[in-house]
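# What the coordinates show
Letter by letter, the chains look like this.
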Amino acid sequence: LFAHATGFHARCWDAVIRRLGARHVIALDQRGHGRSEVTEIVHWKVFGEDLAGFVAALDLRDVVGVGHSMGGHAMVEAAAACPDRFRRLVLVDPVIASPSDYGVGGWRIPSEGGEPHPTAKRKRHFESPEEMIERFRDRPPYSVFHPEALDDYCRYGLLPEPDGHGFRLACPPETEANIYMTSMTNARVHESVRALRIPVLVLRAKRPPENRTIMDFSSSPTWPGLVGEFRIGREVHLAEHTHFLPMEIPDRIAAQIEAEANAS
C-alpha cells in the first residue's frame with residue numbers, strides 16, 4: 001500500500017512499482033490530491049484517519065505500508081490505528097519532526113501580514129502535460145527526477161480545465177500551501193510511533209543545512225532521532241540524495257521495498 005507526498009499523487013509511485021515483482025499493489029490519492037476530493041486541511045491527523053479508513057473499507061490485511069514524506073507520516077498513524085492489518089512499514093523520509101518541534105513552527109511561515117506559503121503562488125494552468133514536463137525538466141527539485149517519474153508526475157498531476165481549454169494542477173496550489181502550513185499540528189504521531197509493534201524501515205535523505213530555507217526541498221525534513229523511537233526500527237541514510245527519493249532513485253527504493261516485502 002503506497003501513500004504519496006504533499007503536492008503529489010498516487011501515480012508518482014509508478015516508476016517504483018514497475019520495478020517490483022509480481023505483487024498486489026494499491027496506491028491512493030490522498031485528500032486534496034489527484035482525483036480525490038479537495039477539502040480544507042486544518043490538521044494532519046486527517047491523513048492517517050483517511051488511510052486507516054481506506055484499509056478497513058477494503059479489508060486489507062498483511063499490508064506492507066510504504067509512505068513518502070506526508071504519506072509516511074500518515075502510514076504510521078494508519079498502522080497504529082489498525083495494528084492487526086499491517087505487517088511492516090517502509091517510511092521514505094517520512095517528515096516526522098522531533099517531539100519538541102510540534103506546535104512551535106517547523107515549516108510554517110510567520111503569520112505577520114498573513115503571508116501564505118510560497119507554494120500558493122505556483123503556476124496552476126498548463127496548455128498540456130508536455131508544457132509542464134518541459135517547464136520542470138531543468139529546474140530544481142524536478143531536475144533530479146528520473147525521466148519516468150517526471151513524466152508520471154506531470155501527466156497524472158493535471159486535470160482538464162472545466163472550460164475545455166488546457167489543464168490545471170489536480171492539487172490546487174492553495175491546498176498544497178495549506179498542508180505545509182499545518183505540518184506541525186499532529187504531535188500525536190509520536191504516540192503512534194511508539195505504539196507500533198511491527199518492523200519499520202526508515203529511508204532518510206541527506207541532512208539539511210543549518211540555513212535551510214522554507215522552499216529548500218533538497219534535504220531531509222525527518223528528525224534524525226526518529227528511528228530510535230520505533231520498537232523495531234532500522235534506518236538507511238541515503239546521504240547523497242534529496243528528499244524526493246522515490247522520484248530520484250526508483251530502482252534503489254524499489255529494491256528496498258522488495259527486500260522488506262520478502263522478509264519473514
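Here, the structure is the one placed above.
If you're wondering where the values come from, they're calculated on a predicted model, not measured in any experiment. All chains use their own residue numbering, which begins from 1 and follows the written sequence. Per-residue local features are limited, in this predicted model, to residues with pLDDT of at least 70; the limit for side-chain atom pairs, both in listing and counting, is 80 or more; totals at the level of whole chains, interfaces and linings are taken over all residues. Processing note: side-chain calculations cover all non-hydrogen atoms of the structure and skip hydrogens and water entirely.

Turning to the packing of helix H4 (residues 129-136) against helix H5 (residues 147-155), a few remarks are in order. Axis geometry follows a simple rule: fit a line to the C-alpha atoms, using only the stretch in contact for helices, then measure angles between N-to-C directions, giving values from 0 to 180 degrees. Strands here mean DSSP runs of E at least two residues long; helices mean DSSP runs of H or I at least four residues long; both are numbered from the N terminus. As a packed pair, H4 and H5 sit with axes 9 Å apart at the nearest point and diverge in direction by 135°. Relative to H5, H4 is oriented oblique. For the crossing formed where H4 meets H5, the hand is right-handed. Residues Pro129, Glu130, Met132, Ile133 and Phe136 of H4 form the contact with H5, whose own contacting residues are Leu150, Asp151, Tyr153, Cys154 and Arg155. Three categories are distinguished: nonpolar for Ala, Val, Leu, Ile, Met, Phe, Trp, Tyr, Cys and Pro, charged for Asp, Glu, Lys and Arg, and polar for the others, with Gly belonging to the last. The class makeup of the residues in the contact of H4 with H5 is seven nonpolar, no polar and three charged. Roughly parallel means an angle under 35 degrees; roughly antiparallel means over 145; roughly perpendicular covers 65 to 115; every other angle is labelled oblique. Crossings are sorted by hand: turned counterclockwise from the far helix by less than a right angle, the near helix makes the crossing left-handed, and turned clockwise it makes it right-handed. By definition, residues are in contact when any of their heavy atoms lie within 4.5 Å.

Turning next to helix H2 (residues 45-57). The end-to-end C-alpha separation of H2 is 18 Å, in line with the 18 Å expected for 13 residues at 1.5 Å each. Using a 1.4 Å probe on the protein chains alone, a residue whose accessible area is under 20% of its type maximum counts as buried, one over 50% counts as exposed, and one in between counts as partly exposed. For H2, the set of buried residues is Val46, Phe47, Gly48, Leu51, Ala52 and Val55. Close packing links the buried residues of H2 with strand E1 (2-3), strand E2 (27-28), helix H3 (70-81), strand E4 (86-92) and helix H6 (173-181). Aspartate 59 occupies a position one or two residues after H2 and carries a positive phi of about 50°. In this scheme, a helix's expected span is set at 1.5 Å multiplied by one less than its residue total.

Across the junction of proline 140 and proline 141, the peptide omega takes the value 0°, indicating a cis bond. Relative to the elements of secondary structure, proline 141 occurs in the loop between H4 and H5. Backbone geometry places serine 69, a non-glycine residue, at a positive phi of 55°. With respect to the helices and strands, serine 69 occurs in the loop between strand E3 (63-68) and H3. Located in the positive-phi region is valine 95, a residue other than glycine, with phi close to 40°. Relative to the assigned elements, valine 95 resides in the loop between E4 and strand E5 (125-126).

On to the sheet that holds strand E9 (residues 233-237), then. Here six strands make up an open sheet; going across it, the order is E2-E1-E3-E4-E8-E9 and the pairing parallel. What marks the edges here is a single partner per strand, and that holds for E2 and E9. Two strands qualify as a pair provided that DSSP identifies no fewer than 2 bridges between them. By the bridge criterion, two bridges tie E1 to E3 in an arrangement that is parallel. Its bridge partner lying in E3, alanine 3 is registered against glycine 67. In the packing of H3 onto the sheet, the strands contacted are E1, E3 and E4, and the crossing angle to E4 comes to about 160°. Across the sheet, helix H9 (residues 250-262) is in contact with E1, E3, E4, strand E8 (200-204) and E9; its angle to E4 comes to roughly 160°.

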